[in-house]
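Residues per chain are reported as follows:
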Amino acid sequence: MRIVRGRAADIAADRAVTTALREDVASDGEGAVRAWRPHRQLAFGRRDARADGYEQARAAAREHGYPPHERDVGGRAVAYTGSTVAFLRLEPLDDLRVGMDDRYDAAVADVQRALETVGVTAARGEPPDAFCPGQHSLSSDGKLVGLAQRVSKGVAQTAGIAVVRDHEQIATVLGAVYDALDVPFDPDSVGSVARAGGDGDPDRVARALESALVGGRDATVERLR
């Protein structure tokens, strides 16, 4: 299994890294894990882009210092402060129709173990009116992890974000963005590793997630230049 560390020079190049990894796994069958700190941004989902208040939401993100960008999956807006950790596991896939629930369950369990190593006991679920609401979330004094899955020919991608710190900043910008999108949102629902009493060092959280997602597999580490 490959471990890829670091981030590319800008948001577009950083996203291209994940795209390239997904293509590699589909072609050579070797899995990959990545846990990193994306550039500061406000990532909108497809549903957001179709909303009447989308342009106002983009303007609100810019006003708060978050460059707006669209991601190619569903879900609602997510804020990355620079300390937020994104993570993913890419696995070779033979049949697109099977295994989704098992992959979700495995990823949730792995992330729970990772959080425990940085001092947080997180439960499955999320508070009402949480950011980017979904069925595969982890909470401890607020939502701090959300997961999603994408499958394509030859590869399954299970990915998510972990709010490490800066939960108040995230609550502020998402409050303005979700208001523009007319999406229910409770700012107090935003949790973080630090808010839950854990280690608020993003790099330590990234390494804990990386280790848990790799599990007991043999792995080689590659660094982006």
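Keep in mind that what you see is a predicted model, and the values were worked out from it rather than measured. (Residues numbered from 1 in each chain as written. Predicted model: local features only at pLDDT ≥ 70, side-chain atom pairs only at ≥ 80, totals over all residues. Heavy atoms only, no water.)

(A) Molecular detail of the sheet that holds strand β5 (residues 78-80). If you trace the 3 strands from one edge of the open sheet to the other, you get β4-β3-β5, paired in mixed fashion. Taken across any chain shown, the strands that pair with only one partner, and hence form the sheet edges, are β4 (68-70) and β5. Averaged over all pairs of adjacent strands, the angle between strand axes in this sheet comes to 30°, irrespective of strand direction. Here 3 bridges tie strand β3 (residues 41-44) to β4, and the two strands are oriented parallel to one another. Paired with L42 across the strands is P68, a residue of β4. Running at roughly 35° to β3, helix α5 (residues 167-181) makes contact with β3 and β5 of the sheet. (Pairing = 2+ DSSP bridges. Helix = DSSP H or I, 4+ residues; strand = E, 2+ residues; numbered from the N terminus. Axes fitted to C-alpha atoms, helices over the stretch in contact; angles between N-to-C directions. Contact = heavy atoms within 4.5 Å.)

(B) Highlighting the UniProt feature "domain: BPL/LPL catalytic" (unreviewed entry) in the protein. In this structure's numbering, the residues bearing the UniProt feature "domain: BPL/LPL catalytic" (unreviewed entry) are residues 27-221. Along residues 27-221 the backbone is 32% helical and 25% strand, and the end-to-end C-alpha distance reaches 19 Å. (UniProt positions renumbered as here; feature names shortened; annotations may be inferred.)

(C) Broad picture of the nonpolar core. Ranked by internal contacts, the top residues of the largest apolar core, which has 39 residues, are L42, F44, F131, L174, V177 and Y178. Counting residues per element, the ones that place at least two in this core are α1 (11-28), β2 (32-36), β3, α3 (54-63), β5, β6 (85-92), β10 (155-162) and α5. Of the residues forming this core, the biggest block, 7 residues, is contributed by α5. Here L174 is in contact with L42, A77, V78, A79, F131, D179 and F185, once residues within four sequence places are set aside. (Core = buried A, V, L, I, M, F, W, Y, C linked by side-chain atoms within 4.5 Å. Buried < 20%, exposed > 50% of the residue type's maximum accessible area, 1.4 Å probe, protein only.)

(D) Layout of the pattern of salt bridges. One pass over the structure, following the stated rule, counts 17 salt bridges. K143 is the salt-bridge partner of E126, the closest N and O atoms lying 2.9 Å from each other. With a gap of 17 residues between them, E126 in the loop between β7 (123-124) and β8 (137-139) and K143 in strand β9 (residues 143-152) connect regions that are remote in the sequence. Across the salt bridge formed by R204 and D201, the nearest N and O atoms sit 3.7 Å from each other. Given the relative accessible area of 26%, D201 is considered partly exposed. The network of salt bridges with common partners includes R2, D24 and E222. (Salt bridge = Lys/Arg side-chain N within 4 Å of Asp/Glu carboxyl O.)

(E) Examining the environment of T84 more closely. Positionally, T84 belongs in the loop between β5 and β6. With relative accessibility at 0%, the residue T84 sits in the buried group. C-alpha separation for the pair T84 and P202, spaced 118 residues apart in sequence, amounts to 7.0 Å. The contacts of T84, once residues within four sequence positions are left out, are W36, R37, P38, A79, I161, A162, V163 and I170. For T84, the side chain forms a polar contact with the main-chain nitrogen of T81, separated by 3.2 Å. (Polar contact = N/O pair within 3.5 Å; in protein donor to acceptor, adjacent residues only side chain to side chain.)

(F) Inspection of the side chain of Q41 at higher detail. Examined against the element boundaries, Q41 turns out to sit in strand β3. A polar atom in the side chain of Q41 sits 3.0 Å from the side chain of R15. Not counting residues up to four positions away in its chain, the partners in contact with Q41 are I11, R15, Y66, P67, H69, V78, A79 and Y80.

(G) Layout of the packing of helix α4 (residues 100-117) against helix α6 (residues 202-214). Two elements in contact, α4 and α6, have axes separated by 8 Å at closest approach and are oriented at 140°. Taken together, the axes of α4 and α6 lie oblique to each other. In this structure, α4 meets α6 at a crossing whose hand is right-handed. Contact with α4, carried on its side by D110, V111, A114 and T117, involves A208, L209, A212 and L213 of α6 and no other residues of that element. Looking at the contact of α4 with α6 residue by residue, the class counts come to 6 nonpolar, 1 polar and 1 charged. (Parallel < 35°, antiparallel > 145°, perpendicular 65-115°, else oblique. Left-handed = near helix turned anticlockwise from the far one by under 90°. Nonpolar A, V, L, I, M, F, W, Y, C, P; charged D, E, K, R; others polar.)

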